Amino acid sequence: MARIFAVANQKGGVGKTTTTVNLSAALAAHGQRVLLVDLDPQGNATMGSGVDKRSLATSVYHLLVGLNTLPEVRARSEAGSYDVLPSNRDLAGAEVEMVDLENRENRLRDALHAVDDEYDFVLVDCPPSLSMLTLNGLCAAHGVIIPMQCEYYALEGLSDLVNTIKQVHAKLNRDLKIIGLLRVMFDPRSTLSQQVSAQLESHFGDKVFKAVIPRNVRLAEAPSHGLPGVVFDKAAKGSQAYLAFAAEMIERIKSI
Ligand code: ATP
Ligand code: MG
């Protein structure tokens, strides 16, 4: 059975897409069968996987509104050795169209049933909002991975996300839990980073992943080559951190 994880944080630019793409490629490098779902109309996870969002015949939009089946929409990240449900700006329209659809918050969950035994991990890259698209990600998932930067306002935004996850858990998806908080773009020389990181550990305990992703320019450069960072430069510090994170995820799912 596939374990499905939403990578979510309503804050923009915190490293959701970088985490989804690199965790997918790192899990694949560890021998796992992975499907990446791009739920963001920006299509960054699609491009970062080496799939051209401008030339898609069908996208996750067509899947969510019921025009196409999952195998028809699925693409392959040759670079990352994982499958992709790609997205582009077509998906922006789904938000409005889905309002009238039956069971609108469970469209993704229902679509993923068809491939449940084909994957070990399904990773869903959510957009920076608590929208119907993110809700579809949260309703489909067994757990949420929350990437966050260790800066002053990070904790403030976190309470909104934690409340949303609690509500979805209570009303829509009893399986949903926070799998963990992932510290990203971490700068060990910054006192503030150290303080926020310590605060996170004292407040969330072992919900904070041991792996810490450093700020690393190789991770930021990789998407312009259509490659996940862990493939573009496997030896880079950021790539090594994502490979360690993938190993931690493989361990962690044994106990959930
Ligand atoms: P959005 O909310 O717009 O979807 P996001 O949360 O998905 O953004 P990313 O796109 O992954 O965030 O990252 C934002 C920017 O930070 C990108 O330019 C990315 O290349 C860069 N970035 C992410 N992680 C790192 C890192 N560890 N080191 C250096 N740069 C990083
Ligand atoms: Mg993103």
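Reference entry: report on the structure contained in this document. (Residues numbered from 1 in each chain as written. Chains lettered and ligands numbered in written order. Predicted model: local features only at pLDDT ≥ 70, side-chain atom pairs only at ≥ 80, totals over all residues. Heavy atoms only, no water.)

Attention shifts here to the pattern of salt bridges. Note on pairing: side chains with opposite charge can pair once their charged atoms come close. Considering all chains together, one arrives at 12 salt bridges under this definition. Residue E248 pairs with R252 through a salt bridge whose shortest N-O separation is 3.6 Å. With E248 and R252 both in helix α12 (residues 237-252) and four residues apart, the pair spans about one turn of that helix. When sorted by exposure, E248 lands in the same class as R252, which is buried. We note a salt bridge from E251 to K254, for which the minimum N-O separation is 2.8 Å. For E251, a relative accessible area of 49% puts it in the partly exposed group. A relative accessible area of 61% means that K254 is categorised as exposed. (Salt bridge = Lys/Arg side-chain N within 4 Å of Asp/Glu carboxyl O. Helix = DSSP H or I, 4+ residues; strand = E, 2+ residues; numbered from the N terminus. Buried < 20%, exposed > 50% of the residue type's maximum accessible area, 1.4 Å probe, protein only.)

G13, K16, T17, T18 and N216 are the nearest of the 18 residues found near ligand 1. In this structure, P214 approaches ligand 1 through a main-chain N or O atom, which is 3.0 Å from a nitrogen atom. Contact between ligand 1 and N216: a nitrogen atom at 2.8 Å from a main-chain N or O atom of the residue. Contact with the protein chains hides 80% of the accessible area of ligand 1, taken as 630 Å² for the molecule alone. (Near = heavy atom within 4 Å. Polar contact = N/O pair within 3.5 Å; in protein donor to acceptor, adjacent residues only side chain to side chain. Areas by Shrake-Rupley, 256 points an atom, 1.4 Å probe, with all protein chains shown as cover.)

This next bit is on helix α8 (residues 154-171). Taking 1.5 Å of rise per residue, the 18 residues of α8 would be expected to cover 26 Å, and the 26 Å separating its terminal C-alpha atoms lies within 8% of that figure. For α8, the set of buried residues is A154, L158, L161, V162, T164, I165 and V168. Each buried residue of α8 sits inside an arc of 165 degrees when the element is viewed along its axis, so together they form one side. Residues of α8 that are exposed and point over 90 degrees away from its buried face: E156, K166 and K171. Tucked inside the fold, the buried residues of α8 contact α7 (132-140), β6 (143-149), β7 (177-186) and α9 (191-204). (Expected span 1.5 Å × (residues − 1). Arc of directions from axis to C-beta. Contact = heavy atoms within 4.5 Å.)

Right, let's get into the packing of aromatic side chains. The geometry of an aromatic ring pair comes down to the distance between the two centres and the angle between the two planes. Going through the model one piece at a time under the given rule, you end up with three aromatic pairs. Between F5 and F121 the ring centres are 6.0 Å apart and the planes differ by 35 degrees, which places this aromatic pair in the tilted class. You can see F5 sitting in strand β1 (residues 3-7) and its partner F121 sitting in strand β5 (residues 121-125), a full 116 residues away along the chain. When sorted by exposure, F5 lands in the same class as F121, which is buried. Centroid distance Y152 to Y153: 5.2 Å. Interplanar angle 70 degrees. Geometry classified as edge-to-face. (Phe/Tyr/Trp six-rings, centres within 6.5 Å; stacked < 30°, edge-to-face > 60°.)

The next thing to look at is the nonpolar core. Of all hydrophobic cores here, the largest spans 50 residues; its most connected members are V37, L85, L112 and V122. One finds V34, L123, F209 and A246 within the second-largest nonpolar core, a separate group that totals 33 residues. (Core = buried A, V, L, I, M, F, W, Y, C linked by side-chain atoms within 4.5 Å.)

Bringing the pairing of β1 into the picture now. Burial analysis of β1 places five of its five residues in the buried class, the great majority of the element. What you see with β1 is no split at all: R3, F5 and V7 on one side and I4 and A6 on the other are buried throughout. Of the strand pairs in this sheet, β1 and β5 are connected by five bridges, and their pairing is parallel. Paired with A6 across the two strands is V124, which belongs to β5. Strand direction decides the pairing type here: β1 and β6, joined by three bridges, are parallel. Along β6, the bridge assignment pairs A6 with V144. (Pairing = 2+ DSSP bridges.)

The subject of this paragraph is the environment of R218. Here R218 shows up in helix α10 (residues 217-221). Separated by 138 residues in sequence, R218 and G80 have C-alpha atoms that sit 16 Å apart. Discounting residues that sit within four places of it in the chain, R218 has contacts with F232, D233 and A236. A distance of 2.8 Å separates the side chain of R218 from the side chain of E221, its partner in a polar contact.

Our focus in this paragraph is the side chain of H62. Following the sequence through the fold, H62 ends up in helix α3 (residues 60-64). Those residues in contact with H62, other than ones at most four positions away along the chain, are A57, L67, N68, V73 and D90.

Purely geometric stuff here, so don't read any function into it on its own.
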